[in-house]
Amino acid sequence: RMDLYDEFGNYVGPSLDDDQDDEDQSDYDNEEEDRFRYAEDDEQALVSGGMDVEDRNAAENRIVLHEDKKYYPEADEVYPGVKTVTLDEDAQGLNEPIIKPIKQKNFSALQKELPSLNYNGDFLTSLMNTPPLIRNISILGQFHHGKTLFVDTLVMATQTVEWDPSKELRYTDTRKDEQERELSIKSTPVSLVLENIRGKSYLLNVLDCPGHVNFCDEATAAIRAADGVVIVVDAAEGVMLSTERLIKHTLDSNLPICLLINKMDRLILELKLPPQDAFYKLLNTLEEVNNIIAAHSIQKKTAQNVQRLSPELGNVCFASGQHGWSFTLESFADLYCTRHPDAVFEPADLAKRLWGEWYYNEDTHAISKKKTANATRTFVQYVLEPLYKIYAHVIGESAEDLAVLLKGLGVKLKSKELHLDPRPLLRLTLSRFFGRPRGFVDMIVKHVPSPIEGAAVKVASDYTGYQTSEVASAMRSCQIADAPLMMHVVKMYNNPEGNKFYCLARIYSGSVKVGQQLKVLGEAYTQEDDEDMAIVEVSGISVSVGRFFIEVNSAVAGNWVLLDGVDGPIKKTATITEVHVEDAYIFAPLRFNTTSVMKLAVEPLYPAELPKMVEALRRINKSYPLVTTKVEESGEHVLLGTGELYMDCVMHDLRHLYSDMEVKVADPVVSFCETVVESSSINCFAETPNKKNRLTMLAEPLEAGLSDDIEKHRVRLDWDKKRVSDFFKSNYEWDLLTARSIWAFGPSEVDRQLLSTVKESVIQGFKWGCREGPLMINSVNRADQERQV
């Protein structure tokens, strides 16, 4: 060891680095030998068929990078089934929550609690089971003629709590956008228990319809469900164009008409007409309505059954919806008889002398038809002048003097109420003076048939099946026991969330119960093709009272009900019957007096939301009777509606109610109809593939007036051949051969039997050509289609 160091203690031996490298090399060689030896042993074990040996320490000894290390469990392991969304740093604002709360849609003003009514549910059920005490009516009229405010007076008469007289509630405007726009968009069914003059209770099923011309499809659906129509006319504005169209539409449906002259207060407060001039104004309005009815009845060739409206007949009612009162001549006469119990005349006798050429003579104190210098018309003397005086005293007198006057009239007002503003004070005073709308109810009961009396007219005009069948006979008599269930769905209403629909159906025969299995027949259903048919189960039955529903367990023929759980297979309207009924036909689809002319192309802002938009379009198609949704050949989704306001409401529902998405809309265009103006100059023909058969066609215009007859269904192709031929022969002087055939056959060389074998194919191609015309791919006017064949 001493040789390794010198005398100074410095190391002078061999280099230490070389020795260490030798040692490291020897250690490495030993490790490689061991590795090869173990590998040879493992290979021999595998080759020899031995069992695999799992190295349990491999995972522990494995080198794991930092980015591959798992410090916390994944979200799927902690919350199975939860969708994890990874967002960039600036994808959301600071005020927007990462997990948004569930958004509850609510675009309606429905009441959550049932208000206090002056009748109970058992009494309502008993009236529903008595069809002679039911009346089904629809209230129609021009825009802003006061229909909704008048219905408020009917609803208020059924509730025990008085409404705030300073507010216009508009009870049947159940959508929030209706209240914001101050117009009705949807028709609203209201079932009310009301009394007539004699105190007898009736169940009035009322449909309050929009007055705007764009929403005339709601009126068409209401007319289909009703047995009678109440036309509302503004006393100051008179008969408008929309009023005339609604009257004609009602007459085409063979329904009786009652007239309600509303806004009588405008004659007094706005126009300030004297009572005598106000009478002539009302008389002129009445004559206008009667002239429209007479002219249209002559055009329909039913002049022998012309209906006449007159207050003395009891089918005219006077009202002011804003001030909450209404009366007929008999109800006004009943006020006189009630305040003069010693009178020797009856209200009905006095009512006959309160209109027309009846005068009150102040000298003889008698009522006669003899006009003298001192004579005054009875309607002016006994109706208008007292009404004018009440208005004058309420507006002009002090609270103390008014209290004395009203006490003499039997009207009691509190001291606080006497100091109200003129408008609520007028509403309180006149509503308590006239009382409940018994006169209006009496008019409806007398001049609108019950479901038993009116069913025959409805079945004859709307049912497409054989009128001699057992099903039709049961519907005409409104049979309940031992009768097949037949219901007609005329309208669909969405729930507040917009995810399902309630079906408004009129029951024609039989009865329906909750949990019953029913068969839904769509508009395309026929006895030969039952593809448009589905089996559903009724999950709920309710009666609508505007802003709330009354649930019932069952309903019988003659009633209007809202069905829950049957809306899936229904597109517009439907016929519902029992599962075991095999010979049932459908009710005809709604026949509108206008068409959809405005076209919009829509697409989602984000293409991924296309399925969501398609589902919303299906719901739009259910909700609006006249809207049409289709897909063009270019792939565009197209909406067709009646006008600008109509389409604005449709787009609002599409964006917000039935979906929550952004939708791009193209510029609106007007849809045109093509027609035939003169006979074809050349023959159009088509050959079969074997070139042995040729079908030649030509088009020519129809005779004047035939277009209207076809469009208004005065002649129908489902008639028997004799009836069709008699119609064309008597009205348009067609020869017998042409009149008895729906095809324009050529000369004798055409094989009629061979042509009949391809009849269905020709008809299908003909309808296709009329649906997509040759000029602009728009529909050909239906009046010309029949003649082209």
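A short tour of the structure in this document, coming up. Since the model is a prediction, treat every value here as computed from it, not as a measurement.

The rules we used
- Residues numbered from 1 in each chain as written.
- Predicted model: local features only at pLDDT ≥ 70, side-chain atom pairs only at ≥ 80, totals over all residues.
- Heavy atoms only, no water.
- Salt bridge = Lys/Arg side-chain N within 4 Å of Asp/Glu carboxyl O.
- Patch = residues over 30% accessible without salt bridge, like charges linked within 9 Å, V, L, I, M, F, W, Y side chains within 5 Å.
- Areas by Shrake-Rupley, 256 points an atom, 1.4 Å probe, with all protein chains shown as cover.
- Helix = DSSP H or I, 4+ residues; strand = E, 2+ residues; numbered from the N terminus.
- Phe/Tyr/Trp six-rings, centres within 6.5 Å; stacked < 30°, edge-to-face > 60°.
- Lys NZ or Arg CZ within 6 Å of the ring centre and 35° of its normal.
- Pairing = 2+ DSSP bridges.
- Axes fitted to C-alpha atoms, helices over the stretch in contact; angles between N-to-C directions.
- Contact = heavy atoms within 4.5 Å.
- 1 Å grid on protein atoms, 1.4 Å probe; cavity = no way out; pocket = protein on both sides within 12 Å on 5 of 7 lines; lining within 4 Å.
- Points joined across faces, edges and corners; volume = space filled by probe spheres on them.
- Nonpolar A, V, L, I, M, F, W, Y, C, P; charged D, E, K, R; others polar.
- Parallel < 35°, antiparallel > 145°, perpendicular 65-115°, else oblique.
- Left-handed = near helix turned anticlockwise from the far one by under 90°.

## Structural notes on the pattern of salt bridges
So, point 1. The final tally for this structure, using the stated rule, is 28 salt bridges.
So, point 2. Connected via shared salt-bridge partners are Asp234, Glu237, Lys263, Arg266 and Glu270.

## Let's talk about a nonpolar patch on the surface
So, point 1. On the surface, a cluster of nonpolar side chains totalling about 290 Å² of accessible area is made up of Val78, Tyr79 and Val82.
So, point 2. With respect to the secondary-structure elements, Val82 resides in the loop between helix H3 (75–78) and helix H4 (121–128).

## Side note on the packing of aromatic side chains
For any pair of aromatic rings, the description rests on two quantities: the centre-to-centre distance and the angle between the ring planes.
So, point 1. Under the defined criterion, the tally for this structure stands at 28 aromatic pairs.
So, point 2. Taking the ring centre of Trp358 as reference, the NZ or CZ of Arg353 above it sits at 5.2 Å.
So, point 3. Over the ring of Tyr508 we find Arg506; its NZ or CZ atom is 4.9 Å from the centre of that ring.

## Quick word on the sheet that holds strand S20 (residues 574–578)
In any sheet, the strands associate via hydrogen bonds between backbone groups, in a parallel or an antiparallel arrangement.
So, point 1. Across the sheet, which stays open at both edges, the eight strands sit in the order S15-S14-S20-S11-S12-S19-S16-S17 with antiparallel pairing between neighbours. Single-partner strands in this sheet number two, and they are strand S15 (533–537) and strand S17 (549–552). With strand direction ignored, the average angle separating the axes of adjacent strands in the sheet is 40 degrees.
So, point 2. For strand S11 (residues 486–494) and strand S12 (residues 501–509), the ladder comprises eight bridges, and the chain directions are antiparallel. Counted as the bridge partner of Met486 is Ser509 from S12.
So, point 3. Relative to S11, helix H7 (residues 216–225) is tilted by about 150 degrees, and along the sheet it contacts S11, S12 and strand S19 (560–564).
So, point 4. Set on the sheet, helix H20 (residues 610–623) makes contact with S11 and S12; between it and S11 the angle comes to about 125 degrees.

## Brief notes about empty space enclosed by the protein
So, point 1. Counted by the stated rule, this structure contains six cavities of 30 Å³ or more.
So, point 2. Here the largest cavity defines a volume of roughly 350 Å³.
So, point 3. Looking at the lining of the largest cavity, the elements that each hand over two or more residues are strand S2 (188–195) and S11.
So, point 4. Of the residues that constitute the lining of the largest cavity, the class distribution is ten nonpolar, nine polar and three charged.

## What about the sheet that holds strand S5 (residues 257–262)?
So, point 1. One open sheet accounts for seven strands, arranged S2-S3-S1-S4-S5-S6-S7; its pairing is mixed. With partners counted over all chains shown, the strands left at the sheet margins are S2 and strand S7 (325–327), one partner each. Strand-to-strand twist of the sheet, defined as the mean angle between neighbouring strand axes without regard to direction, takes the value 25 degrees.
So, point 2. In the sheet, strand S1 (residues 134–141) pairs with strand S4 (residues 228–234) via five bridges, with the strands oriented parallel. What sits directly across from Ile139, in S4, is Val230.
So, point 3. Set on the sheet, helix H10 (residues 275–299) makes contact with S4, S5 and strand S6 (316–320); between it and S5 the angle comes to about 150 degrees.
So, point 4. The sheet contacts of helix H17 (residues 438–447) involve S1, S2, strand S3 (201–208), S4, S5, S6 and S7, and relative to S1 the element is tilted by about 110 degrees.

## Side note on unusual backbone geometry
So, point 1. Although it is not a glycine, His144 sits at a positive phi angle of roughly 60 degrees.
So, point 2. A positive phi angle, close to 55 degrees, is found at Arg170, a residue other than glycine.
So, point 3. Within the fold, Arg170 resides in the loop between helix H5 (147–156) and helix H6 (176–181).

## Looking at the packing of helix H8 (residues 241–252) against H10
Angle between the axes and distance between the axes are the two parameters that describe a pair of packed helices.
So, point 1. Remark: H8 packs on H10, axes separated minimally by 10 Å, with the N-to-C direction vectors making an angle of 45 degrees. Of the possible angle classes, the one that applies to H8 and H10 is oblique. Crossing angle aside, the handedness with which H8 passes H10 is right-handed. On the side of H8, the interface is formed by Glu244, Ile247, Lys248, Leu251 and Asp252, while H10 contributes Val289, Ile292, Ile293, His296 and Ser297.

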